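So the chains spell out like this:
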Amino acid sequence: MNLSLYGYGGDWLAVDCGMMIRQDLPDNPLQVPNIHGLPALGISPRALVITHGHEDHIGAVAWLWPQWGCDIYATPLAAGLLRAKFAERGLAPDAIRVVEPGDALECGAFMLRYLPLTHSIPESCALLLNTPAHRVLHTGDWKLDPEPLIGAPVDEELFRSLAPIDLVVGDSTNAPLPGKSRSEGEVARALQRTLADCQGRVIVSCFASNLSRVLALGQAASQCGRRVSLMGRSMERMVRIARGLGYLEDFPALVPVRDLGYLPPEEVLVIATGSQGEPRAALSRLAQGSHPDFELQAGDTVIFSAKAIPGNERHIERLHHALRQRDVRILEEVHHPELHASGHAAQEELHRLYEWIKPRYLLPVHGEHRHQLAHRELAQARGIAAPVSPTNGDLIRFDDEGVTVEARHAQTPYIISQDDVRPLEGLVAPKGNSRERHGDLFLWIAVTPTDMGWSRIGRLIVDSRATSALDETSFSDWLDDTLSQLEADTLSQLRTQLQPRLMQWLSDHIRHLPTVHLQLTAAEASSCS
């Protein structure tokens, strides 16, 4: 959820404040960072600094910022998205301060500078944090795109001028992948070639925040003689805000969805939300024949210009099946990788950035534990010290001794429930077991579906505040065996099936049963080895 807190000399800054969707809970509620323990640690941020406008970096601001009331610094697009969120919650936007990429500002003991980097949304920036004793680069999400379509490529000389950096807090998402991420310019040309070969109507699904992709589709449509329509509230809102800021100036005039029926099929291009198989999104409504103004026909083409997010595979497969039932041609990223580009740096790009900024230390963030390990190995091969793979709730000290974990604070999950931020209740004990609870046990398990059952991926993360010790080896063996036998279509169903078995096993193997906080997260199996 990308909430980081930086402290020096009693001053604190918060960087980003995102949310995540809890796929393992009924109705998929939003989970937000747990900030309730910060006052006891003496942490009260002077400012909230936003690196870019993706939901996993700004989605919780309107929920949590009222507890701080501090200034919020964001680039124009992220600020526009935040204003819209504040309006939805009835909050005044006065605290939102607009900074331009490249700007510098002073906040207590910190001097900050916004450094433009390319990503899958415009105005993504790294943050250079200067204190009297440190020079830290917080990368945010990034890649080195030589042809980003919106905005300029990364300024190599600017980043070379920063060297040497004391500590880089770096994006690990694509650290296991060799080579470099595909450019948005390459994707634009592939989409244009693909669109020129399509006969009937074309529906392209992508993430609304990827304005470079939206722009590429609009330009390809114009070159192929197609008219463009948007479908989905998030897509319409993103394009409206971007146009208000002067982006998408070369984007063609839009046709209302209700008017598409008057156009010949070969003149129609729809850009829609719903690439992840979300049941209420525009593309799913089209696949089910429930859209009030538009109906798919045999011979139409649906292009998925987005990567499947882990955990959504079965939703997406059901969507594909529904589209095939309508005799629709499907082009998706697995068999047509040229139609999508990641927004995160692969190994070649990581090497290039570190050659420019010459960091002494790395703290790998984002991704799963295996991504952080791959990032540490890459850094260490370059002579960069990387002693820590951080976990949520870690209090990390950076001083003359290097990077060390000073304390670990258990993170009770907080979710949005009934328009309020609430702690998620722990798992209930088996029926007939009324023993008093002793402490807390936090379990974070990354899983992926298999042909038969489910499989655990990577490290089992256990944070125990229980009075009785857990035999992690025995528990891991039991968990792997149990997961392989559970037949569930979604993480929520898997959690429902696993929960009573888990509590029974703990009841049988732990003398003093703790309150158990379980989180199941989808992981990518194909990248693991």
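Everything that follows concerns the structure shown earlier in this document.
Here's a quick rundown of the structure. (Residues numbered from 1 in each chain as written. Predicted model: local features only at pLDDT ≥ 70, side-chain atom pairs only at ≥ 80, totals over all residues. Heavy atoms only, no water.)

The next point concerns empty space enclosed by the protein. Rolling a probe over the atoms, with the probe sized like a water molecule, indicates the empty space that remains. Applying the stated criterion across every chain, the model contains one cavity of 30 Å³ or more. Empty space within the largest cavity amounts to approximately 50 Å³. Taken together, E368, H369, R370, W444, A446, I457, G458 and R459 form the lining of the largest cavity. Within the residue set of the lining of the largest cavity, elements represented by two or more residues are α11 (369–381) and β23 (440–449). (1 Å grid on protein atoms, 1.4 Å probe; cavity = no way out; pocket = protein on both sides within 12 Å on 5 of 7 lines; lining within 4 Å. Points joined across faces, edges and corners; volume = space filled by probe spheres on them. Helix = DSSP H or I, 4+ residues; strand = E, 2+ residues; numbered from the N terminus.)

Once that is clear, we can look at the sheet that holds strand β17 (residues 329–331). Strand pairing in a sheet relies on backbone hydrogen bonds. The paired strands run either parallel or antiparallel. Across the sheet, five strands lie side by side as β14-β15-β13-β16-β17; this open sheet has parallel pairing. Across the chains shown, the open sheet's two edge strands, defined by having one partner strand only, are β14 (227–231) and β17. Pairwise comparison of adjacent strand axes, ignoring direction, gives a mean angle of 20° for this sheet. Pairing of strand β13 (residues 202–205) with strand β15 (residues 268–272), which is carried by four bridges, proceeds in the parallel orientation. Across the sheet, residue V204 finds its bridge partner in β15, namely I271. Here helix α9 (residues 313–325) sits on the sheet and contacts β16 (301–304) and β17; the angle it forms with β16, its principal contact strand, is near 165°. (Pairing = 2+ DSSP bridges. Axes fitted to C-alpha atoms, helices over the stretch in contact; angles between N-to-C directions. Contact = heavy atoms within 4.5 Å.)

Next up on the list: the packing of aromatic side chains. Under the counting rule described, the total for this entry stands at five aromatic pairs. With centroids separated by 5.3 Å and ring planes inclined at 40°, the aromatic side chains of W65 and F86 adopt a geometry described as tilted. Within this pair, whereas W65 is found in the loop between α2 (61–64) and β6 (71–74), its partner F86 is found in helix α3 (residues 76–88), the two being separated by 21 residues in sequence. For W65, a relative accessible area of 12% corresponds to the buried category. Overall, F86 belongs to the buried group, its relative accessible area being 0%. The interplanar angle of 55° and the centroid separation of 5.2 Å between the aromatic rings of F475 and W505 together place this pair among those described as tilted. (Phe/Tyr/Trp six-rings, centres within 6.5 Å; stacked < 30°, edge-to-face > 60°. Buried < 20%, exposed > 50% of the residue type's maximum accessible area, 1.4 Å probe, protein only.)

Here we come to the side chain of D11. You can see D11 is positioned in strand β2 (residues 11–15). A distance of 3.3 Å separates the side chain of D11 from the side chain of R46, its partner in a polar contact. Residue contacts for D11: discarding those within four places in its chain leaves Y6, R46, G108, A109 and F110. (Polar contact = N/O pair within 3.5 Å; in protein donor to acceptor, adjacent residues only side chain to side chain.)

Across all of its chains, the model carries 22 salt bridges by this definition. Two residues, R46 and D11, come together in a salt bridge whose shortest N-O distance is 3.3 Å. Of this pair, R46 sits in the loop between β4 (30–32) and β5 (47–49) while D11 sits in strand β2, and the two are 35 residues apart along the sequence. On the basis of relative accessible area, R46 is assigned to the partly exposed category, the value being 44%. The closest approach of N and O atoms between D420 and R422, which form a salt bridge, is 4.0 Å. Note on D420: relative accessible area 37%, which makes it partly exposed. Assessed through its relative accessible area of 33%, R422 is described here as partly exposed. (Salt bridge = Lys/Arg side-chain N within 4 Å of Asp/Glu carboxyl O.)

Further remarks concern the environment of V214. Within the fold, V214 resides in helix α6 (residues 211–223). Residue V214 is classed as buried on the basis of its relative accessible area of 0%.

On a regular strand, each side chain points to the face opposite its neighbour's, so the side chains alternate between the two faces of the sheet. In terms of residue burial, β15 counts as a mostly covered element, since five of its five residues are buried. Pairing analysis gives five bridges linking β14 to β15, with the strands arranged parallel. Among the inter-strand pairings, R227 is bridged to a residue of β15, identified as V268. For the crossover that starts at β14, traverses helix α7 (residues 233–244) and ends in the parallel β15, the hand is left-handed. (Right-handed = clockwise from strand over helix to strand, strands pointing away.)

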